[in-house]
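Commentary on secondary and tertiary structure
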Amino acid sequence: MTPVLEAEHLHLMYGARPALHDVTLDVREHEVLAIIGPSGCGKSTLLRTFNRMNDRIPGVRVIGSVRFRGRSVFDIEPTSLRRQVGMVFQRPTPFPMSIFDNVAYGPRMHGVRDRRRLKEIVETSLRRAALWDEVKDKLSAPAAALSGGQQQRLCIARTLAVEPQVILLDEPTSALDPGATAKIEELIEELAGAYTIVLVTHNLDQAERVSDRVAFMLAGEVVEVGPTAEVFERPRDPRTERYLAGRPLTVARRGVRGPRLAPVGEWGAR
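Residues numbered from 1 in each chain as written. Predicted model: local features only at pLDDT ≥ 70, side-chain atom pairs only at ≥ 80, totals over all residues. Heavy atoms only, no water.

Here's the deal with helix α1 (residues 43-50)
With six of its eight residues buried, α1 lies for the most part within the structure. Taken as a whole, α1 has its buried residues at Lys43, Thr45, Leu46, Leu47, Thr49 and Phe50. Just past α1, the residue Arg52 takes up positive phi, approximately 65°. (Buried < 20%, exposed > 50% of the residue type's maximum accessible area, 1.4 Å probe, protein only. Helix = DSSP H or I, 4+ residues; strand = E, 2+ residues; numbered from the N terminus.)

Some words on helix α4 (residues 115-128)
Compared with the 20 Å implied by 1.5 Å per residue over 14 residues, the 20 Å span of α4 between its first and last C-alpha is a close match. Residues of α4 that are buried: Leu118, Ile121, Val122, Ser125 and Leu126. What you see down the axis of α4 is that its buried residues fit within an arc of 120°, all on one side. Lining the buried residues of α4 we find α3 (99-109), α5 (132-135) and α6 (148-160). Its side-chain oxygen at 3.2 Å from the backbone nitrogen of Arg116, Asp114 defines the N-terminal cap of α4. Among the residues trailing α4, Ala130 stands out with phi positive, at a value near 55°. (Expected span 1.5 Å × (residues − 1). Arc of directions from axis to C-beta. Contact = heavy atoms within 4.5 Å. Polar contact = N/O pair within 3.5 Å; in protein donor to acceptor, adjacent residues only side chain to side chain.)

Looking at the packing of α3 against α4
Taken N-terminus to C-terminus, the directions of α3 and α4 make an angle of 115°; their axes are 9 Å apart at the nearest point. In this structure, α3 meets α4 at a crossing whose hand is right-handed. Along its contact with α3, which presents Phe100, Val103, Ala104, Pro107 and Arg108, the element α4 presents Arg115, Leu118, Lys119, Ile121, Val122, Ser125 and Leu126. (Axes fitted to C-alpha atoms, helices over the stretch in contact; angles between N-to-C directions. Left-handed = near helix turned anticlockwise from the far one by under 90°.)

Observations regarding the sheet that holds strand β10 (residues 221-227)
What the six strands build is an open sheet, ordered β6-β7-β8-β3-β9-β10; its pairing is mixed. Pairing within the sheet leaves two strands with one partner each, and these edge strands are β6 (85-88) and β10. Averaged over all pairs of adjacent strands, the angle between strand axes in this sheet comes to 20°, irrespective of strand direction. As paired elements, strand β3 (residues 32-36) and strand β8 (residues 196-200) share four bridges and run parallel to each other. From the neighbouring strand, Ala34 faces β8, where its bridge partner is Leu199. Its contacts with the sheet place α1 against β3, β6, β7 (166-170), β8 and β9 (213-218), and it is angled at close to 155° to β7. (Pairing = 2+ DSSP bridges.)

Some thoughts on the environment of His202
Mapped onto the fold, His202 is located in the loop between β8 and α8 (204-210). Spatially, the C-alpha atom of His202 lies 19 Å from that of Val23, the residues being 179 residues apart in sequence. Dropping the residues within four chain positions of it, His202 is found in contact with Gly37, Pro38, Ser39, Lys43 and Glu171. In this structure the side chain of His202 is engaged in a polar contact, spanning 3.4 Å, whose partner is the backbone oxygen of Gly37.

Things to note about unusual backbone geometry
Located in the positive-phi region is Arg52, a residue other than glycine, with phi close to 65°. Residue Arg52 is classed as buried on the basis of its relative accessible area, which comes to 11%. A positive phi is found at Arg69, a non-glycine position, where the angle reads about 50°. With respect to the secondary-structure elements, Arg69 resides in the loop between β4 (60-68) and β5 (71-72).

Shown next as structure tokens:
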């Protein structure tokens, strides 16, 4: 079966600074893949590569292959790609508008104008995000008035409103209290049956609770990937074992060797 997303021999630099080195990783249909590792190891960079968010950063250079359903992401128009591969960021980012208009924003951008259809999309998306019952009587209220946890679920609803196939979650609970975190984790488990989810998290307990597979990254490389229980209980690489045990890791910074790194959009291999 063709993976939904896959990176193959992916290198990425921010200017002269290497961020990803020879990353090969696949994401499978309707799984929750958790990417773990210490701060600065490249987790978020890899996540943003899947839907070309790194394009917006000046000086980014890449080589290798990143594919969505077998097609190079650099052959897909960015807006179209991000509709299919949606992203929710570390901190809630509601737009300065009403709850309704936040969720309806994406469908409107993609040409939906019928008010009845928009109402259906908003309700369905808020229900999928487990937020409908809490906001159904105040859809015209400012989204900024919601709690942090509600705002994050609103951002998930906004992502769901354009009917993506993949949801990228970049530390979605790091700014939330334990109660809100639990609701987001429950939501991830509910959404996993209908969507493919890639979750970046520093919370090892969270990764163990909600993911099907885990990828451990260190210094821009994927050290180990496998079924969650297997990685947590029987890690193959001693670096993974040290990280999961909370022991210090010695990281040797490597220079980028091998093929010339080209600016984004000038890929030599796809």
